[in-house]
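Reading the structure
Below, each chain spelled out in residue letters.
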Amino acid sequence: MAPKIKLYGLFSLTRRGYLRLQGVVAVVLLALLAWALWLRLSPPSLASWQFTPEAEDLARAVVRNFAWVVLLGLAVELVETMLVLRRFARQEALLTEQTAASPPGAGFGAPNG
């Protein structure tokens, strides 16, 4: 049986489930990055929108820095993935050690005697 770990103290996931979740997150972040780069290369015409001067400055700052925010999110996800995969490896090593240490036939349903 594949070991499960408690992720964020909320979800109990196997390595396969975690990698599927990270795949979905990576696709979403890469799509956001592509959109952010498109916004940066062809910025929308903010002049046609009705903004107060402060809101226009904020909108320009968000458009200008959105790609960096998404790249930071990708970096955080990469670090988190490495830490969680290391945790899975420790859990699997512990499980392997426990099964190697138990004598054969000492499992469930073994005769007492």
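Below is a summary of the structure that appears in this document.

Each value, and the rule that gives it
Residues numbered from 1 in each chain as written. Predicted model: local features only at pLDDT ≥ 70, side-chain atom pairs only at ≥ 80, totals over all residues. Heavy atoms only, no water. Helix = DSSP H or I, 4+ residues; strand = E, 2+ residues; numbered from the N terminus. Buried < 20%, exposed > 50% of the residue type's maximum accessible area, 1.4 Å probe, protein only. Contact = heavy atoms within 4.5 Å. Areas by Shrake-Rupley, 256 points an atom, 1.4 Å probe, with all protein chains shown as cover. Polar contact = N/O pair within 3.5 Å; in protein donor to acceptor, adjacent residues only side chain to side chain. Core = buried A, V, L, I, M, F, W, Y, C linked by side-chain atoms within 4.5 Å.

**Comments concerning the overall build of the protein chain**
If you tally the helices and strands in the protein chain, you get two helices and two strands. When the helices and strands of the protein chain are placed in sequence order, the string is β-β-α-α. Considering the protein chain as a whole, with its 113 residues, one finds that 17% of them fall into the buried category. Taking contacts inside the protein chain between residues at least 6 apart in sequence as the whole, the part at least 24 apart equals 73%. Roughly 8,700 Å² of accessible area belongs to the protein chain as shown, and the carbon and sulfur atoms make up 68% of that amount.

**Considering unusual backbone geometry**
Although it is not a glycine, Tyr-8 sits at a positive phi angle of roughly 60 degrees. Among the residues examined, Tyr-8 registers a relative accessible area of 54% and is labelled exposed.

**Quick look at the side chain of Gln-22**
By the element assignment, Gln-22 lies in helix α1 (residues 15-41). One polar contact links Gln-22 to Thr-81, side chain to side chain, over a distance of 2.7 Å. Leaving out residues up to four positions away in the same chain, Gln-22 has contacts with Glu-77, Glu-80 and Thr-81.

**A look at the nonpolar core**
What tends to happen in soluble globular proteins is that the nonpolar side chains get buried as a cluster. Membership of the largest hydrophobic core is limited to six residues, which are Ile-5, Leu-7, Leu-13, Tyr-18, Val-84 and Phe-88. Residue assignment for this core shows that the elements contributing at least two residues are β1 (4-7) and α2 (53-101). Non-local contacts of Phe-88, meaning those with residues more than four positions away in its chain, are made with Pro-3, Ile-5, Leu-13, Thr-14, Arg-15 and Tyr-18. If you look at the next biggest cluster of nonpolar residues, it comprises five residues, including Leu-29, Ala-36, Ala-67 and Val-70.

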